[in-house]
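Remarks on the overall topology
Chain by chain, the residues run as shown.
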Protein chains: 2
Amino acid sequence: MTTKNAQQHKPYTNGFHTNGFPSTTSFPLDPLTTDEIEAAVHIVRKEHPDVHFNAVTLHEPPKDDLTRYMASPETEPCPHRIADIVAIGKGSKVFDGLVDLDKHKILEWEFAEGKQPLITMEDLQVVEGCARRDPKVIEQCGILGIPPEDMHKVYCDPWTIGYDDRFGSSVRLQQALMYYRPSVDDSQYTYPLDFCPIFNSDTQEIVHIDVPEVRRPLNQAPPSNYHAEAVQKAEGLREDLKPLSISQPEGVSFRVEGRTVKWQNWSVHVGFNYREGIVLSNITFNDKGNVRPVFWRLSLAEMVVPYGNPERPHHRKHAFDLGEYGGGYMTNSLSLGCDCKGAIHYMDAAFVNKAGASQTIKNAICIHEEDAGILFKHTDFRDDSCTVTRARKLIISHVFTAANYEYCVYWIFHQDGTVQLEIKLTGILNTYAMGPGESAAPWGTEVYPGVNAHNHQHLFCLRIDPNVDGPQNTVFQVDAVPSEAALGSDENYYGNAFYAKKTKLDTMSTGRSDYNATTSRTWDISNTNKLNPYSHKPVTYKLVSREVPRLLPKENSLVWKRAGFARHAVHVTKYSDDQIYPAGRHVPQTSGEPSEGIPAWIAADPDGSLDNTDIVLWHTFGLVHFPAPEDYPVMPAEPMSVLLRPRNFFTSNPCMDVPPSFSSTPSQVAAGTNGCHKMEDTVSRVV
Amino acid sequence: MTTKNAQQHKPYTNGFHTNGFPSTTSFPLDPLTTDEIEAAVHIVRKEHPDVHFNAVTLHEPPKDDLTRYMASPETEPCPHRIADIVAIGKGSKVFDGLVDLDKHKILEWEFAEGKQPLITMEDLQVVEGCARRDPKVIEQCGILGIPPEDMHKVYCDPWTIGYDDRFGSSVRLQQALMYYRPSVDDSQYTYPLDFCPIFNSDTQEIVHIDVPEVRRPLNQAPPSNYHAEAVQKAEGLREDLKPLSISQPEGVSFRVEGRTVKWQNWSVHVGFNYREGIVLSNITFNDKGNVRPVFWRLSLAEMVVPYGNPERPHHRKHAFDLGEYGGGYMTNSLSLGCDCKGAIHYMDAAFVNKAGASQTIKNAICIHEEDAGILFKHTDFRDDSCTVTRARKLIISHVFTAANYEYCVYWIFHQDGTVQLEIKLTGILNTYAMGPGESAAPWGTEVYPGVNAHNHQHLFCLRIDPNVDGPQNTVFQVDAVPSEAALGSDENYYGNAFYAKKTKLDTMSTGRSDYNATTSRTWDISNTNKLNPYSHKPVTYKLVSREVPRLLPKENSLVWKRAGFARHAVHVTKYSDDQIYPAGRHVPQTSGEPSEGIPAWIAADPDGSLDNTDIVLWHTFGLVHFPAPEDYPVMPAEPMSVLLRPRNFFTSNPCMDVPPSFSSTPSQVAAGTNGCHKMEDTVSRVV
């Protein structure tokens, strides 16, 4: 067993024992342990000795089976532990398998004709060395003025090829984005090379090189580096930042039982897989003693990053970072990096490697609390009687590195019942070479002399499997609109009337919606079987999302065809156990003809009803990034958020139970008493 | 001199000496001191002995004079200290005056015919008592079952009348929103009364009562309270929140010189007035030794909260909380409330009272730092060499209470050059009575039995007086759009091309823009005279705002006429010293015929050029609030943000100078050394 972070060799133990919390029995949604991974490999090897492994991960039990078991674990059978296998045999033959770890047998084993599974870190790591040794690559480097003895200064970021109609899907390919480092500690992104080798992962050969008609010489600009040593030498690091300490002397306010985190009124199971990274399941809120289901499963299910430069081969730059690389596989070990403050609870992540051994990323998941400012406040202007309560939030996060770029994913639970997904974008821009006198505009920006950063979008697909007081839910598009009645009419004499107009998304073929800021559009996920006793409106969780660009590549473009999920801000589909990946199970080298994932599911059941049934809401959000020099040599983190807010779900403010920092009543003010203070958790000093 | 917070009587000293920082000479934009206020009153009284005072505030010097002085303070004259006076004489006669505090003389004194200045806290405080004594009000209470001996249980939130065509603008009026408290500590908002007295501020009489045709009885529901004592009694306060301590043992990382705050590369002057509250001026960023101007002046200049219930007299509910009440006048003293953590620097605020004495709000402004998570991070997937740097932010904030509602205003300065305005909405919903069997839908929500909370919008107007490398700026609307070239064409063969389309806002009459989420619309505030040496694009600050609802009341409705600023997301106007208030200087009882403020300024100079000149950008943003029971009895804070981000302003990431938490280079990893750590500011404990 190897661990990614060499400093620490503590064995992976399903995250239970490494954290100081009492261990408890496991849960059917727990990720496969290292033992289970290796058991699965052993079972496969008996029948298929020659395969290597692309993925061995938990095959989540069917929702019905798990629901029955959870309802009465004493009497109902616990779903078997089943491993989902992706293996690759001779000649790049791909196999999808299911292995029952309780019965120790293979349940399914299928040859996936013409499919290419995602590129693992191991697949990526091998390309650079091959490229450096390849005569045609050495020749191209020579043309740019890099002598053969300097090939150790040539680097590449291997990407999946996306899709290239010249090569199709039968051979497993990567494209190698080439760079140069004057010295080993220099950022290579200042020195992009203008050609693009194509690598065959099966034969481990460079099979083709895309060379632009007009060549772009090696950049001669001085290095632009971001690590401390370089900055210290150049402009220096500032020394006037005084320490700001965050401490939790009594530890955290949450408990972890197995992989279930219990904090305040929240309970959530924290899963993790190689593809989506963090998976949150069985999310409930304790409403004054009544434990109410809110979401069955939440995950970031897919993303695509289309680049806007039309020049070939840049059209291939539209990474599906989850489906083509794996948000779990690319996850940082937080043993280094000190990414959070206060008392931190970490969980590790276990994967298979190519050879079939288990592999652990130490501290892959960070769970911690943060102060969140004012939770609520009110002062009576008559007498200054005042109540102010501070907020605390629970954050379950991981950070993954997709070659040049970093994605920091924060699942944030608020005391007011809100679930927030915040994503911070940082890392380094993907860059390309510039020719003499060439302008980067309009498809990119020269962010540093000779460095062209192309326009791009980051489009994320959030998979919401709701469970709002039960699995029978309905989605409504909600628009803030003026009354239809004219100004001066009896119904709207003063013209000030407005209301929330609701439109049901009722069938698979019509169950989609674009964003409309003019109506402050949101989407209600409602349980129409349960009305709020006060408002008489269905209990609801509302999707509030304001960073919702459209997919900018044109209809029927390659990206549009491959990333069907990104065509609309919202798709709603009927729940199906096997519909997890909105761009398909195996994403690399899909042509989009036909589009896999959501468009295929809709086409298969266009009239399927979405009304008051078990549904899934797929939300695509993100941003458009026109680079600027401020983003270089490393990009300041740019955050964006999606909110899931309870509306008409509770009968009152659900965080009234949080102790205030200060609270006085009119009678206390009149009596000259000072109200109640609770200041232990505040170190406040007036300077 | 009186102080709002009775606990503390330390004299107001212009905010210099109360803060532990060295006092320095004052700056022409400093607010009037208590001494200056009382001096101005004295000067006015000599000629106008019988007036009482509505406002005595700094009349900011003309920009040209101040610019000249700042350029060479030794040789150029320092602009005189001038007080801007609003006084009210016999018969509600309103006077606008200017007093030169250096020459000790009145410069201007004008009768403001038909104008009604804002309602002060003193104006508000007097209404409740009068209402309780008024026979007609007592009679109405009797009809609802409140006996005369219980009139001390009757409360009112006095609002400006807005505008009521029956009464016009010649008499100074307030409308009294009526409530009842079963006991003094009960929230009155559970017991709204259905009638609305109208109060004459001059004669201090109830001059009319609006009574609905169908009466709504006094609510019989039990109290719904939010203060600690009540919650403790009812459901209890939770006890499982462990302390989270934030401490700055060495104090803050900023200096305050006079009222100028210097933090990292930022320098900003912190002003404050009765109307806008915090005013930030002379904002500069030290770009590697070169101090560059960014903004001349930033403030929240106006807001309007239109309610969506068409039934009279609710059409009058559209508070201009700044122009009709004053965000400064309503500001909380943070001596109570402990609204922030860590090391806090407070500033007081000084105002005049009706009698002409100065009055101080202790700790009106809070200045502090917060940790802000990851500033930037990158890991090299080849060797896990990693740099991660934590962010710090500087927050200048105040909280004001508008009767039932709280607005928390945070001006946030980021190390990456971003200025963020965050506003948190909390407090209590405005509520109205419900009749038996009456439904609150569609214009409101029954948030608690018998309590109708009406739909409403919160629309804020941010005044941006830019100074992007100088006063000559130009505003462009920026839209992310696909290439015009068709899929399959030579220019866009793969259909993936997209770019930033810029449209100049070039004249007063065309200098406006609505929000368009489909194009991820932003607005560039550019200095077209200065190009970024790398990107060759104009140095720019970009307005990024995603919470931008349209004004929902119809065109030509009362709100639409009175709140001209809210008709578009962006208006750009030529700079003028006297154009500060987008809905006019005196807002109460304006009819909107003609519309004051922005529409008037545009009408006066429709062809005025906005190209490469001194301009002001007015941005209206906010949200639509359809209430829900979750918002009651007190509303969990709902945040919203506007960003001003440097784009093509710097030649690189401007926060590279921040020391990292951890940084290692490939060569350090290869050598087995661990890179540089800077962990003093982190207390991180693995549990």
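Parameters and conventions
Residues numbered from 1 in each chain as written. Chains lettered and ligands numbered in written order. Predicted model: local features only at pLDDT ≥ 70, side-chain atom pairs only at ≥ 80, totals over all residues. Heavy atoms only, no water. UniProt positions renumbered as here; feature names shortened; annotations may be inferred. Buried < 20%, exposed > 50% of the residue type's maximum accessible area, 1.4 Å probe, protein only. Helix = DSSP H or I, 4+ residues; strand = E, 2+ residues; numbered from the N terminus. Arc of directions from axis to C-beta. Contact = heavy atoms within 4.5 Å. Disulfide = S-S within 2.5 Å. Pairing = 2+ DSSP bridges. Domains from an automatic or database assignment. Buried area = accessible area lost by both parts, 1.4 Å probe. Nonpolar A, V, L, I, M, F, W, Y, C, P; charged D, E, K, R; others polar. Axes fitted to C-alpha atoms, helices over the stretch in contact; angles between N-to-C directions. Least-squares fit on C-alpha atoms with pLDDT ≥ 70 in both. Salt bridge = Lys/Arg side-chain N within 4 Å of Asp/Glu carboxyl O. Phe/Tyr/Trp six-rings, centres within 6.5 Å; stacked < 30°, edge-to-face > 60°. Polar contact = N/O pair within 3.5 Å; in protein donor to acceptor, adjacent residues only side chain to side chain. pLDDT = per-residue confidence, 0-100.

If you look chain A up in an unreviewed UniProt entry, it shows as Amine oxidase from Neohortaea acidophila. A UniProt comment under Sequence similarities (unreviewed entry) is attached to chain A, and it reads "Belongs to the copper/topaquinone oxidase family." Here chain A is described in UniProt, under the heading Subunit (unreviewed entry), as follows: "Homodimer."

Residue and element names in this part refer to chain A. Within the span of helix H2 (residues 63–71), buried status applies to Lys-63, Leu-66 and Tyr-69. Along H2, the residues classed as buried sweep out an arc of 130° about the axis, all on the same side. Opposite its buried face, H2 presents the exposed residues Asp-64 and Ala-71, each directed more than 90 degrees away. Elements in contact with the buried residues of H2: strand S15 (290–306), strand S25 (456–466) and strand S32 (613–625).

On to unusual backbone geometry, then. For residues besides glycine, phi is generally negative; the peptide bonds are generally trans as well. Residue and element names in this part refer to chain A. In this chain, Glu-593 is followed by Pro-594 through a cis amide linkage whose omega measures -5°. You can see Pro-594 is positioned in the loop between strand S31 (570–574) and helix H8 (598–604). Across the junction of Tyr-632 and Pro-633, the peptide omega takes the value 5°, indicating a cis bond. Within the secondary structure layout, Pro-633 lies in the loop between S32 and strand S33 (635–647).

In this section: the state of the cysteines. Applying the stated criterion across every chain yields a total of zero disulfides over all chains. Here Cys408(A) stays free of any disulfide, with the sulfur of Cys340(A) as its closest cysteine sulfur at 9.4 Å. A relative accessible area of 0% places Cys408(A) in the buried class. The structure places no disulfide on Cys340(B), whose sulfur is separated from the nearest cysteine sulfur, that of Cys366(B), by 3.3 Å.

A few words on the UniProt feature "domain: Copper amine oxidase N3-terminal" (unreviewed entry) in chain A. Under the feature "domain: Copper amine oxidase N3-terminal" (unreviewed entry), the UniProt entry names residues 117–218 of chain A. With 22% helix and 25% strand, residues 117–218 of chain A has end C-alpha atoms that lie 34 Å from one another.

Looking now at the pairing of strand S31 (residues 570–574) of chain B. Residues and elements named next belong to chain B. In terms of burial, S31 is largely enclosed, as four of its five residues are buried. Two elements, strand S28 (residues 512–513) and S31, share two bridges in a ladder whose sense is antiparallel. Each residue of the ladder has a partner; that of Ser-513, found in S31, is Val-570. For S31 and strand S32 (residues 613–625), the ladder comprises five bridges, and the chain directions are antiparallel. The residue of S32 that forms the bridge with Lys-574 is Ile-615.

Turning our attention to the domain arrangement of chain A. Residues and elements named next belong to chain A. Taken domain by domain, chain A holds domain 1 (5–111), domain 2 (121–218) and domain 3 (254–373 + 393–428 + 456–466 + 526–625 + 634–647). Centre-to-centre separation of domain 1 and domain 3, based on C-alpha positions: 22 Å. Roughly 3,200 Å² of surface becomes buried between domain 1 and domain 3 when both sides are summed, with 57% attributable to carbon and sulfur atoms. Of all the secondary structure elements, the ones that give two or more residues to the side of domain 1 that touches domain 3 are helix H1 (34–47), strand S2 (52–58), H2 and strand S3 (82–89). At six residues, S2 tops the list of elements feeding residues into the side of domain 1 that touches domain 3. Class assignment of the residues belonging to the side of domain 1 that touches domain 3 gives a composition of 18 nonpolar, 12 polar and eight charged.

Next up on the list: the sheet that holds strand S5 (residues 105–111) of chain A. All names here are of chain A. Taken together, four strands build an open sheet; the order of strands is S2-S3-S4-S5 and the sheet is antiparallel. One side of each edge strand has no neighbouring strand; the edge strands of this open sheet are S2 and S5. Ignoring strand direction, the axes of neighbouring strands in this sheet form an average angle of 20°. In this structure, S3 lies alongside strand S4 (residues 93–100), joined through eight bridges in antiparallel fashion. In the sheet register, Gly-89 faces S4, and the bridge partner there is Lys-93. The strands touched by H1 are S2, S3, S4 and S5; relative to S2, the strand with the most contacts, the crossing angle is about 130°.

With that settled, consider the relation of the copies chain B and chain A. Overlaying chain B on chain A yields an RMSD of 0.0 Å, the required transformation being a rotation through 180° with an accompanying axial translation of 0.0 Å. Viewed as a symmetry operation, the transformation between the two copies matches a two-fold axis. Every residue of chain B has its C-alpha some distance from the rotation axis, and the shortest such distance is that of Ile246(B), at 2.3 Å.

Before going further, it helps to examine the pattern of salt bridges. Taken as a whole and judged by the stated rule, the model has 90 salt bridges over all chains. One network of salt bridges, with partners in common, ties together Glu128(A), Arg132(A), Asp157(A), Arg181(A), Asp380(B) and Arg382(B).

All right, on to the sheet that holds strand S4 (residues 93–100) of chain B then. Residue and element names in this part refer to chain B. Taken in spatial order, the four strands of this open sheet run S2-S3-S4-S5, and their pairing is antiparallel. Where the open sheet ends on each side, the last strands, each with one partner, are strand S2 (52–58) and strand S5 (105–111). Between one strand and the next, the sheet's axes are offset by a mean angle of 20°, whatever the strand orientation. Running over the sheet, helix H1 (residues 34–47) touches S2, strand S3 (82–89), S4 and S5 and is turned about 130° from S2.

The geometry of an aromatic ring pair is captured by the separation of the ring centres together with the interplanar angle, meaning the angle of the planes. One pass over the structure, following the stated rule, counts 52 aromatic pairs over all chains. On the numbers, 5.0 Å between centres and 90° between planes, the contact of Trp266(A) with Phe285(A) is edge-to-face. With Trp266(A) in strand S13 (residues 266–273) and Phe285(A) in strand S14 (residues 277–287), this residue pair connects regions lying 19 residues apart in the sequence. The two residues Trp266(A) and Phe285(A) agree in class, both being buried. Between Trp443(A) and Tyr499(B), the ring centres sit 6.0 Å apart and the planes meet at 90°, which makes this aromatic pair edge-to-face.

Let us look at the side chain of Asn273(B). All names here are of chain B. Mapping Asn-273 onto the fold places it in strand S13 (residues 266–273). Separated by 2.6 Å, the side chain of Asn-273 and the backbone nitrogen of Glu-276 make a polar contact. Ignoring any residue separated from it by four or fewer positions in sequence, one finds Asn-273 in contact with Thr-57, Val-279, Arg-297, Gly-328 and Phe-351.

Glancing now at the interface of chain B and chain A. Taken together, the 198 residues of chain B in the interface contact 198 residues of chain A. Of the roughly 16,300 Å² buried between chain B and chain A, counting both surfaces, carbon and sulfur atoms make up 56%. On the chain B side of the interface with chain A, the three residues burying the most area are Phe381(B), Tyr494(B) and Phe498(B), jointly 5% of the side's total. Taken together, chain B and chain A are joined by 16 salt bridges. On the surface where chain B and chain A come into contact, there are 90 residue pairs in polar contact (both at pLDDT 80 or more). Counting residues per element, the side of chain B that touches chain A draws most heavily on strand S18 (residues 358–379) of chain B, which supplies 11 residues. Pairing between strand S10 (residues 245–247) of chain A and strand S10 (residues 245–247) of chain B: three bridges, direction antiparallel. The residue of S10(B) that forms the bridge with Ile246(A) is Ile246(B).

Glancing now at the confidence of the model for chain A. Residue and element names in this part refer to chain A. Counting all residues, the mean pLDDT for chain A is 93, and 94% of those residues have values of 70 or more. Taken as a whole, residues 1–23 scores under 50 in pLDDT and shows 62 contacts with residues more than four places along the chain or in a different chain. This stretch, residues 679–683, has a pLDDT under 50; its non-local contacts, to residues over four places away or in other chains, come to 18 contacts. Among the prediction metrics, the complex's ipTM stands at 0.95, with pTM recorded as 0.96.

Further remarks concern the environment of Trp266(B). Residue and element names in this part refer to chain B. You can call Trp-266 buried: its relative accessible area is 2%. Not counting the four nearest positions on each side in its chain, Trp-266 is found in contact with Val-261, Ile-283, Thr-284, Phe-285, Phe-413, His-414, Gly-417, Thr-418, Val-419 and Tyr-541. A distance of 2.8 Å separates the side chain of Trp-266 from the backbone oxygen of His-414, its partner in a polar contact.

The subject of this paragraph is the side chain of Ser595(B). Residue and element names in this part refer to chain B. On the secondary structure map, Ser-595 appears in the loop between S31 and helix H8 (598–604). From its side chain, Ser-595 meets the backbone oxygen of Lys-561 in a polar contact 2.6 Å long. Side-chain polar atoms of Ser-595 contact the side chain of Arg-567, separated by 2.6 Å. Apart from the residues lying within four places of it in its own chain, the contact partners of Ser-595 are Lys-561, Arg-567 and Ala-600.

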